[in-house]
Amino acid sequence: MTEVPNPFVQKPDPYRCSRCGFCLAVCPTYRLAPREPDSPRGRLVLLSSRPLSPVASACLDRCLGCRACEAACPAGASPARAVQARATLSCPSPTGRLIAGLLRFAARTIIPAPGRLRLALRLLHLLDRTFLQLLKLFPGQLSETLALLAALLTPFAPPRAPRRTSLLPARTEEKWRVAFFTGCLMESALRATNDAAIALLRQAGCTVVIPPAQTCCGALAYHLGDKKTAAKLARQNLDAFAAAEPYDFVVVTAAACAVHLREYPELFPAASPAQDAARSFAVRVRELAEFLRETAPPLLPAAPGKVAYHESCLLRNTAHASALPAVLSRLPGVEILPAPHLGCCGSAGTYLLRHPDVALALLDAEVAALARTGAATVVTDNPGCLLFLRYGLERHNLTGKIAVRHLATFLRAERQDRQ
Ligand code: SF4
Ligand code: SF4
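Everything quoted here is computed from the prediction, not taken from an experiment. (Residues numbered from 1 in each chain as written. Chains lettered and ligands numbered in written order. Predicted model: local features only at pLDDT ≥ 70, side-chain atom pairs only at ≥ 80, totals over all residues. Heavy atoms only, no water.)

Participant: Looking at this structure, how should I read the overall build of the chain?
Facilitator: Counting its regular elements, the chain contains 22 helices and nine strands. A compact globule built from 419 residues would reach a C-alpha radius of gyration of about 22 Å, and the chain, at 21 Å, matches this within 12%. Dimensions of the chain, computed from C-alpha atoms along their principal axes, come out at roughly 60 × 55 × 40 Å. Partitioning the intrachain contacts of the chain with sequence separation of at least 6 by distance along the chain shows that 79% fall at a separation of at least 24. On the chain, the mean spot of the 49 positive side-chain charges and the mean spot of the 31 negative ones are 4 Å from each other. (Helix = DSSP H or I, 4+ residues; strand = E, 2+ residues; numbered from the N terminus. Rg over C-alpha atoms; globule rule 2.2 N^0.38 Å. Contact = heavy atoms within 4.5 Å. Lys, Arg positive; Asp, Glu negative; His and termini not counted. Charge placed at Lys NZ, Arg CZ, Asp CG, Glu CD.)

Participant: How should the site of ligand 1 be read in this particular structure?
Facilitator: In the vicinity of ligand 1, the contacting residues are C17, S18, R19, C20, G21, F22, C23, R41, C73, P74, A75 and P79. Within the shell around ligand 1, the residues separate by chemical class into eight nonpolar, two polar and two charged. (Near = heavy atom within 4 Å. Nonpolar A, V, L, I, M, F, W, Y, C, P; charged D, E, K, R; others polar.)

Participant: It is not clear to me how the nonpolar core should be interpreted in this structure. Could you clarify?
Facilitator: Where a protein is soluble and globular, its nonpolar side chains tend to be buried together. Of all hydrophobic cores here, the largest spans 76 residues; its most connected members are Y264, F281 and F388. Each of two domains, domain 1 (22–89) and domain 2 (300–411), supplies a minimum of three residues to this core. For F281, the contacting residues outside a window of four places in its chain are L238, F241, Y247, V250, L261 and Y264. In terms of nonpolar packing, the next biggest core, distinct from the first, is built from 34 residues, I198, C206, A289 and L324 among them. (Core = buried A, V, L, I, M, F, W, Y, C linked by side-chain atoms within 4.5 Å. Buried < 20%, exposed > 50% of the residue type's maximum accessible area, 1.4 Å probe, protein only. Domains from an automatic or database assignment.)

Participant: Is there a simple way to think about helix α3 (residues 54–61) in this case?
Facilitator: Residues lying three or four places apart along an α-helix face the same way, a consequence of the helix completing one turn every 3.6 residues. For α3, the buried fraction is high: six of the eight residues fall into the buried class. Those residues of α3 lying buried are A56, S57, A58, C59, L60 and D61.

Participant: Please clarify how the sheet that holds strand β9 (residues 403–406) should be interpreted in this entry.
Facilitator: Hydrogen bonds along the backbone pair up the strands of a sheet, which may run parallel or antiparallel. Taking strand neighbours across the sheet as the criterion, the four strands line up as β7-β6-β8-β9 in an open arrangement whose pairing is parallel. The open sheet is flanked by β7 (334–336) and β9, the only strands paired with a single partner. Across the sheet, the axes of successive neighbouring strands diverge by a mean angle of 40°, strand direction being ignored. In this structure, strand β6 (residues 305–310) lies alongside β7, joined through three bridges in parallel fashion. Paired with G305 across the bridge in β7 is V334. Docked against the sheet, helix α21 (residues 383–395) engages β6, β8 (377–380) and β9, running at close to 175° with respect to β9. (Pairing = 2+ DSSP bridges. Axes fitted to C-alpha atoms, helices over the stretch in contact; angles between N-to-C directions.)

Participant: Sorry, what's going on with the side chain of N317 here?
Facilitator: If you trace the backbone, N317 turns up in helix α17 (residues 313–319). A distance of 2.8 Å separates the side chain of N317 from the backbone oxygen of C66, its partner in a polar contact. Beyond its immediate sequence surroundings of up to four residues, N317 is in contact with C66, R67, A68 and A71. (Polar contact = N/O pair within 3.5 Å; in protein donor to acceptor, adjacent residues only side chain to side chain.)

Participant: Any chance you could explain the pattern of salt bridges here in plain terms?
Facilitator: Oppositely charged side chains may form a pair once their charged atoms are brought near each other. Counting across every chain of the model gives 18 salt bridges. The partner of R108 in a salt bridge is D226, with the nearest N and O atoms 3.7 Å apart. Placement of R108 in helix α6 (residues 94–109) and of D226 in the loop between α12 (219–223) and α13 (227–242) is noted, with a sequence separation of 118 residues between them. Among the charged side chains, a salt-bridge network with shared partners connects R67, E70, R81, E263 and E266. (Salt bridge = Lys/Arg side-chain N within 4 Å of Asp/Glu carboxyl O.)

Participant: What am I meant to see in the packing of aromatic side chains here?
Facilitator: How two aromatic rings sit relative to each other is given by the distance of their centres and the angle of their planes. Taken as a whole and assessed by the stated rule, the structure comprises seven aromatic pairs. Ring geometry for F241 against Y247: centres 6.4 Å apart, planes inclined by 80°, an arrangement best described as edge-to-face. Relative accessible area serves as the criterion here: at 0%, F241 is assigned to the buried category. A relative accessible area of 6% means that Y247 is categorised as buried. Summarising the aromatic geometry, the rings of F241 and F281 are spaced 5.3 Å apart at their centres and angled 65° between planes, so their arrangement reads as edge-to-face. Here F281 lies in helix α15 (residues 273–282) and F241 lies in helix α13, a separation of 40 residues in the sequence. The pair F241 / F281 is uniform in exposure class, with both members buried. Through a chain of ring-to-ring contacts, three or more aromatic side chains come together here, namely F181, F241, Y247, Y264 and F281. (Phe/Tyr/Trp six-rings, centres within 6.5 Å; stacked < 30°, edge-to-face > 60°.)

Structure representation (structure tokens):
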């Protein structure tokens, strides 16, 4: 089996910079604005200056957290982690602080509560999208952010789906016991994708256990600087998955959640029982493509043909080996059309809501690159990228010409297994 690297085994020292500049070429924000303070090494310099000026704060806040700098750094520095290790976000403008505060509130009270999240999505769905787009007529970042949020989420009316059964037997001889991480947005807005993944796993010889007490992974709270909520959600998940033992793997359909779950040990004091539990959990976490690459079950595409793929930057930059193209290249009848890696599509958790200008510039470049491949289908591994790419295609009148699909729904699973 392929070993998935665990980030806490060779933990980078966030600040160990030798100023070589290798990271400049891979940093998406430096590519957009080639100024030293908007580069990874520039951000490390800014972090050591006190007090932070509003301009320095703005440069730090523009970091996407994509970790391309960490993957490229020969000295083992991680400017992204150094930025995230700050006590809290230091948004320079009052509007930025208001938006970050609202997002922190949502990450603490709405997103981890499935009932509240579904209600919020239903309310957004009921609101007329055109009405919400009128917000754009009011100048200012807040109206731009709300209009973007509405455009992304109004298509989703969460289905009134039955509660999930917590134990689903393998459809063939059992090879693995898999604990399934449902996720927050994934389960509320894209539940059919989770259904397809569970069906695939059962056909591949997995008995699927779905811990009922699991919650949001906490990545949104963590990246918004709310470390207390992030640790609380991590503890809830560790307890929920401990109750589901024994299992071989934790399978996740959202690449960004998989990365955060693997980094749970860093949320707890060194050598504490909580950190030991987090390590035992983290080494078994696999994003869906990683699991399929490692276990190599027979797979078929739902629709053969030419595809391009878009990997979550966070997973690509932390896993050190790309699972998504490896799985796609094994599928009969599928031809992969290469698109250049531009770093990040701009979604980056809540980044697109905090910095819509940067996010949309990155999205436009990504959509143009994907369109140039001529592929009719783009396969991705992360819900944030999926929603933002769909929005980007609509923005460029490409809906109908290019479809964006999650890997789980791109692979063929028998319908009767979707329960
Ligand atoms: S962060 Fe790493 S890659 Fe970038 S300048 Fe410093 S040592 Fe070089
Ligand atoms: S995490 Fe991404 S955006 Fe932030 S400094 Fe590193 S490469 Fe640049």
